[in-house]
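# Chain and residue survey
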Amino acid sequence: MSSRRFRIFRKRQEDDLLQRSMRTCPGCQRDVHVFAAGCRHCGQQLDIAG
């Protein structure tokens, strides 16, 4: 008998929550949280993602 397993459901792709929670500041090119109103590195005002 073969030791191969039968999968009913496909394996989910890994999801990087941290990567999805960050965006790049247009002023200093550093990572900031998607809901940040301003960049903590350079102080530029950011549009809140929604």
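In short, a report on the structure.

Conventions and cut-offs
All residue numbers refer to positions counted from 1 along the written sequence of the respective chain. Per-residue local features of the predicted model are confined to residues with pLDDT of at least 70, and side-chain atom pairs are confined, for both listing and counting, to 80 or more; whole-chain, interface and lining totals are unaffected and use all residues. Only hydrogens and water are removed before side-chain values are computed, so all heavy atoms of the structure are retained for them. Secondary structure counts use DSSP, requiring at least four H or I residues in a row for a helix and at least two E residues in a row for a strand, with both numbered from the N terminus. With a 1.4 Å probe rolled over the protein chains alone, any residue whose accessible area is under 20% of its type maximum counts as buried; one over 50% counts as exposed, and the rest are partly exposed. Here, residues are in contact when the closest pair of their heavy atoms is within 4.5 Å. Only the protein chains shown count as cover for residues, and the accessible areas themselves come from Shrake-Rupley with a 1.4 Å probe. Patches in this entry comprise residues that are over 30% relatively accessible and not in a salt bridge; like charges within 9 Å are linked, as are nonpolar side chains (Val, Leu, Ile, Met, Phe, Trp, Tyr) within 5 Å. Salt bridge, as used here, is a side-chain nitrogen of Lys or Arg placed within 4 Å of a carboxyl oxygen of Asp or Glu.

On to the overall build of the chain. Secondary structure assignment for the chain yields 1 helix and 2 strands. Ordering the α and β elements of the chain from the N terminus gives α-β-β. Here the chain, with 50 residues, has 14% of them falling under the buried criterion. The long-range fraction of contacts in the chain, counting pairs at least 24 apart against all pairs at least 6 apart in sequence, stands at 6%. Carbon and sulfur atoms form 49% of the exposed surface of the chain, whose accessible area is close to 5300 Å².

Here we take up a nonpolar patch on the surface. A surface patch of nonpolar side chains, amounting to about 470 Å² of accessible area, comprises Phe-6, Ile-8 and Phe-9. Within the secondary structure, Phe-6 sits in the segment before α1 (17-20).

A few words now on the environment of Ser-21. Within the secondary structure, Ser-21 is located in the loop between α1 and β1 (22-24). Of the residues examined, Ser-21 reaches a relative accessible area of 17% and is grouped as buried. Along the sequence, Ser-21 and Val-34 sit 13 residues apart, while their C-alpha atoms lie 5.6 Å from each other. Setting aside anything within four residues of it in sequence, one finds Ser-21 in contact with Val-32, His-33 and Val-34.

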